[in-house]
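# A look at the structure
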Amino acid sequence: NDETETQLYLDYYQSPCAGGDMTKLLLQVESRDERDKWVTCLTEAARLKIEDLYDYDGSDEGLEFGRGRYATVRPAKRKCKNLSKQLNSENDGSDDPPLAEGSNELSSSTHKKCDCALKIISKNEFWSRVVKDRER
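Residues numbered from 1 in each chain as written. Predicted model: local features only at pLDDT ≥ 70, side-chain atom pairs only at ≥ 80, totals over all residues. Heavy atoms only, no water.

## Topic: the overall build of the protein chain
The criterion, for reference: Going along the chain from the N terminus, every DSSP run of H or I of four or more residues is numbered as a helix, and every run of E of two or more is numbered as a strand. Exposure is judged per residue with a 1.4 Å probe applied to protein chains only, and the accessible area is read against the type maximum: over 50% gives exposed, under 20% gives buried, and values in between give partly exposed. What makes two residues a contact is simply this: any of their non-hydrogen atoms within 4.5 Å. To be clear on the numbers: accessible area is Shrake-Rupley with a 1.4 Å probe, and residue cover counts the displayed protein chains and nothing else.
Within the protein chain one finds four helices and six strands. The order of α-helices and β-strands along the protein chain, N terminus first, is β-β-α-α-β-β-β-α-β-α. The proportion of buried residues among the 136 residues of the protein chain is 21%. Counting only contacts in the protein chain whose residues sit at least 6 apart along the sequence, the fraction spanning at least 24 positions is 53%. Per element, the accessible surface of the protein chain, about 10,500 Å² overall, is 48% carbon and sulfur.

Written out as structure tokens, the structure is:
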């Protein structure tokens, strides 16, 4: 085996600020297949959106626990991989139906099903404040 077939180089910015330094990381794995699995997993993770991980009501009418300059805190429910079908086929003992797979519509009456508070940050607003030296 060629040694480069079992290596994975990652180039990334230490800071998301424009003009930050680039860092290089070398991962050495056992096989080409393992390297390809890492590439697939990292690529999928980089493409995730908040809706892929949480059910929450992001509408203007949705329940909020708090709001700041660039963030909102809302009740949410963490999605579990391969658990959505189970949740939809089994009732949890309450009279409320389980959340629909991929649902992003939680009303204040269903927030009791939420298991966490989700702080949703507007990256554009945050980084515009950083550029203006109002955040760091």
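Next comes the rest of the account.
## Topic: the pattern of salt bridges
Under the convention used in this document: The working definition used for a salt bridge is a side-chain nitrogen of Lys or Arg within 4 Å of a carboxyl oxygen of Asp or Glu.
Under the defined criterion, the tally for this structure stands at seven salt bridges. Measuring nitrogen to oxygen at the nearest pair gives 3.1 Å for the salt bridge that ties Arg35 to Asp36. Asp36 sits in the partly exposed class, given a relative accessible area of 32%. Arg67 is paired through a salt bridge with Glu64; the nearest N and O atoms lie 2.5 Å apart. A relative accessible area of 58% places Arg67 in the exposed class. Residue classification places Glu64 among the partly exposed residues on the basis of a relative accessible area of 29%. Via salt bridges that share partners, Glu64, Arg67 and Arg74 belong to a single interconnected network.

## What about the environment of Leu118?
Among the structural elements, Leu118 can be located in strand β6 (residues 116-121). Note on Leu118: relative accessible area 8%, which makes it buried. Distance in space between the C-alpha atoms of Leu118 and Tyr54 is 8.5 Å, their sequence separation being 64 residues. Once residues within four sequence positions are removed from consideration, Leu118 is found in contact with Ile50, Tyr54, Tyr56, Thr72, Val73, Arg74 and Ala76.

## Overview of the side chain of Arg129
Along the chain, Arg129 turns up in helix α4 (residues 123-131). Given the relative accessible area of 12%, Arg129 is considered buried. Sequence-distant contacts of Arg129, that is, excluding residues within four places in its chain, are made with Arg69, Tyr70, Arg134 and Glu135.

## With respect to the packing of aromatic side chains
Operational definition: The criterion for an aromatic pair is that two Phe, Tyr or Trp rings (for Trp, the six-membered ring) have centres within 6.5 Å, with stacked assigned to planes under 30 degrees apart, edge-to-face to planes over 60 apart and tilted to the rest.
Throughout the structure, instances matching the rule amount to two aromatic pairs. On the numbers, 5.0 Å between centres and 65° between planes, the contact of Tyr70 with Phe126 is edge-to-face. Taken together, the residues Tyr70 in the loop between β4 (66-67) and β5 (71-78) and Phe126 in helix α4 connect sequence positions 56 residues apart. Residues Tyr70 and Phe126 agree in their burial class; the two are buried. For the pair Phe126 and Trp127, a centre-to-centre distance of 4.9 Å together with 80° between the ring planes defines the contact as edge-to-face.

## Description of α4
Test applied: Here the arc refers to the directions that run from the helix axis out to each C-beta atom.
Three or more residues of α4 are buried, namely Phe126, Arg129 and Val130. Down the axis of α4, the sector holding all buried residues measures 105°, keeping them to one side. Residues of α4 that are exposed and angled more than 90 degrees away from the buried face: Asn124 and Val131. On its buried side, α4 packs onto β6. Looking at the residues trailing α4, positive phi occurs at Asp133, about 60°.

Read these as spatial facts, not as claims about activity.
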